[in-house]
Amino acid sequence: MEKHDHVLVVFPHPDDEAFGVSGSIASFIQNGTPVTYMCLTLGEMGRNMGNPPFANRETLPLIRKKELTAACDVLGIKDVRMMGYRDKTIEFEDNALIAKQVTDVIDELKPTLVITFYPGYSVHPDHDSCGEAVIEAVRKLPESERPKVECVAFSNNCVEELGEADVSRDVSTVQDKKISTIEAHRSQTAGLIAGVKKRLKANEEELLNWLQKERFWTYKFD
Amino acid sequence: MDPIDTTKVQAVIERFVDKDVYIHLETTNGAYASHFNESFFSAGAYIRNGKIRYTRGKITGDEPYRVGLKMELGWIYAEGITHWELDGENRLLMAGYDKDGKLAVALQISETPFD
Ligand SMILES: [Zn+2]
């Protein structure tokens, strides 16, 4: 796997790092690369309250904060920055302000790789706006100083419009960590994880593919 | 949260009558509804810490329930309510969960602002 000095991950929701990204994060950390995670919100508006439910609208943020910490512990992320925004409001915030916060962290850490959502192809408005802020922050840097930006995209039209992902990482060696990370977000994933484990036992190909391969689109700034 | 007991919930609703209260009102299909089903028209609304005063309030219907609050100049109501809780801060939390256990609606009343 390619070597990076520092990886910066920027997502709006606790658990965004778990699906489709945690294998890459675990691999980087295992190779000695520090990973910093800026998480914009605490997922206050999550619709899942646990299965069976153990949260309510008011207790959910604190529960998800603990789950996020637990997920970071599983992955070995030592620097997680909870940015204090509110779930489902990112698109209404001053995007330039969020971009500025990302710029400050880039200046501080000099990451060689930034991972975020692909603006316009990431379904949830928070995802798209988060990606926009990160792209804006990196675009402002002189070309020679720009870290590589790998984007997650999963809208129904993403392959049609962006082409196939150009980065595909085999994360099968850290598969167990990935499952534990998803599991750490218990209030949101309890139902899902039971199904994952069952399908894993059956060696279902589609599931293994989902679990073991992580795909990203490298953002092109021209 | 517990399944609605209309007698208990009605009593709590009445505790807040004629007081300045803060309202959380939310309806949602989730941000992914139109992703999984492109023909689905996703709609929702959200108010947090709206400061209001109501002169009467009522829970009615039969699983799920409806709650209406009559204000001097208008109304607030929610439908699809299935669960409730009076939390440690004496806030009345009501919510409606769909068949998958996902929150679809919430109506909450408190004498102090929500965080
Ligand atoms: Zn998300």
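For clarity, every value in this text was computed on a predicted model and none was experimentally measured.

Engineer: Sorry if this is basic, but what is going on with the overall build of chain A here?
Structural biologist: The helix and strand tally for chain A stands at eight helices and seven strands. Its C-alpha radius of gyration of 17 Å places chain A within 12% of the 17 Å reference for a compact globule of 222 residues. Here the C-alpha coordinates of chain A stretch approximately 50 × 40 × 35 Å along the principal axes. For chain A, buried positions account for 55% of its 222 residues. Sequence-distant contacts, at least 24 apart, represent 79% of the contacts inside chain A between residues at least 6 apart. Carbon together with sulfur atoms contributes 51% to the accessible area of chain A, which is approximately 9,900 Å² in total.

Engineer: In this structure, what is going on with unusual backbone geometry? I would like to understand it.
Structural biologist: Backbone geometry follows two general trends: most residues other than glycine have a negative phi, and most peptide bonds adopt the trans configuration. Across the junction of A:Asn51 and A:Pro52, the peptide omega takes the value -5°, indicating a cis bond. Along the chain, A:Pro52 turns up in the loop between β2 (35-41) and α2 (60-75). A cis amide bond, omega 0°, links B:Glu63 with the succeeding residue B:Pro64. Along the polypeptide, B:Pro64 turns up in the loop between β4 (54-61) and β5 (65-71). Despite not being glycine, A:Asp15 has its phi angle at roughly 100°, a positive value. Mapped onto the elements of the fold, A:Asp15 is located in the loop between β1 (7-11) and α1 (22-30).

Engineer: Explain the interface of chain A and chain B here, please?
Structural biologist: A common way to express how large an interface is: the accessible area buried when the components associate. Contacts between chain A and chain B engage 17 residues on the former and 24 residues on the latter. Summed over both sides, the interface between chain A and chain B buries roughly 1,800 Å², with carbon and sulfur atoms accounting for 47% of that surface. Between chain A and chain B we count three salt bridges in total. Note that B:Asp98 is salt-bridged to A:Arg47, the shortest N-O span being 3.5 Å.

Engineer: How should the coordination of the zinc ion be read in this particular structure?
Structural biologist: Four donors placed tetrahedrally about a metal ideally form angles of 109.5 degrees, and six donors placed octahedrally ideally form angles of 90 or 180 degrees. All names here are of chain A. Around the zinc ion, the protein supplies His-13 (ND1), Asp-16 (OD) and His-127 (NE2) as donor atoms, at distances of 2.0 to 2.1 Å. For the zinc ion, the single-chain donor residues occur in sequence as H-x2-D-x110-H. Here the two residues His-13 and Asp-16 agree in accessibility, since each one is buried.

Engineer: Please explain the sheet that holds strand β8 (residues 92-97) of chain B as it appears in this structure.
Structural biologist: Through backbone hydrogen bonds, the strands of a sheet pair up, either in parallel or in antiparallel fashion. Residue and element names in this part refer to chain B. Within the open sheet, the six strands sit side by side as β1-β7-β8-β9-β2-β3. Their pairing is antiparallel. A strand with exactly one partner marks an edge of an open sheet, and here the two such strands are β1 (2-3) and β3 (45-52). Judged from the seven bridges that link them, strand β2 (residues 21-27) and β3 form a sheet pairing that is antiparallel. Residue Val-21 lies in a different strand from β3, and its bridge partner there is Ile-52. Across the sheet, helix α1 (residues 6-15) touches β7 (83-86) and β8, and the angle it forms with β7 is around 50°.

Engineer: Please explain the layout of surface pockets as it appears in this structure.
Structural biologist: A water-sized probe rolled over the atoms picks out the places where empty space is left. Here the largest pocket defines a volume of roughly 1,500 Å³. If you trace the largest pocket, you find 50 residues lining it, with A:Phe19, A:Phe154, A:Leu192, B:Tyr32 and B:Phe36 closest to the centre. Listed by contribution, the elements that provide at least two residues to the lining of the largest pocket are α5 (158-162), α7 (186-201) and β7 (213-218) of chain A together with α2 (33-36) of chain B. Volume-wise, the second largest pocket comes out at about 370 Å³. Lining of the second largest pocket is provided by 21 residues; of these, A:Lys88, A:Glu91, A:Pro125, B:Thr28 and B:Gly44 occupy positions nearest its centre. Those elements that place two or more of their residues in the lining of the second largest pocket are β2, α2 and β3 of chain B. When its residues are assigned to classes, the lining of the second largest pocket shows eight nonpolar, nine polar and four charged.

Engineer: What is the right way to look at α2(A) in this model?
Structural biologist: What sets the pattern is the α-helix's 3.6 residues per turn: residues three or four places apart point alike. Residue and element names in this part refer to chain A. The end-to-end C-alpha distance of α2, which contains 16 residues, comes to 22 Å, matching closely the 22 Å that a straight helix rising 1.5 Å per residue would cover. Residues Leu-60, Pro-61, Ile-63, Arg-64, Glu-67, Leu-68, Ala-71, Cys-72 and Leu-75 constitute the buried set of α2. Buried-residue contacts for α2 involve α1, β2, β3 (79-85), α6 (175-184) and α7. With its phi angle positive at about 85°, Gly-76 sits one or two positions after the end of α2.

Engineer: Even after reading the chapter, I still don't get the sheet that holds β4(B), so can you show me in this structure?
Structural biologist: Residue and element names in this part refer to chain B. What the three strands build is an open sheet, ordered β4-β5-β6; its pairing is antiparallel. Strand pairing shows two members of the sheet lacking a second neighbour, β4 and β6 (75-81), which therefore form its edges. Between one strand axis and the next, the sheet turns by 10° as a mean value, whatever way the strands run. For β4 and β5, the ladder comprises seven bridges, and the chain directions are antiparallel. Along β5, the bridge assignment pairs Arg-56 with Lys-70.

Thresholds applied
- Residues numbered from 1 in each chain as written.
- Chains lettered and ligands numbered in written order.
- Predicted model: local features only at pLDDT ≥ 70, side-chain atom pairs only at ≥ 80, totals over all residues.
- Heavy atoms only, no water.
- Helix = DSSP H or I, 4+ residues; strand = E, 2+ residues; numbered from the N terminus.
- Rg over C-alpha atoms; globule rule 2.2 N^0.38 Å.
- Buried < 20%, exposed > 50% of the residue type's maximum accessible area, 1.4 Å probe, protein only.
- Contact = heavy atoms within 4.5 Å.
- Areas by Shrake-Rupley, 256 points an atom, 1.4 Å probe, with all protein chains shown as cover.
- Buried area = accessible area lost by both parts, 1.4 Å probe.
- Salt bridge = Lys/Arg side-chain N within 4 Å of Asp/Glu carboxyl O.
- Donors = N, O, S within 2.8 Å, 3.2 Å for Na, K, Ca; no water.
- Pairing = 2+ DSSP bridges.
- Axes fitted to C-alpha atoms, helices over the stretch in contact; angles between N-to-C directions.
- 1 Å grid on protein atoms, 1.4 Å probe; cavity = no way out; pocket = protein on both sides within 12 Å on 5 of 7 lines; lining within 4 Å.
- Points joined across faces, edges and corners; volume = space filled by probe spheres on them.
- Nonpolar A, V, L, I, M, F, W, Y, C, P; charged D, E, K, R; others polar.
- Expected span 1.5 Å × (residues − 1).

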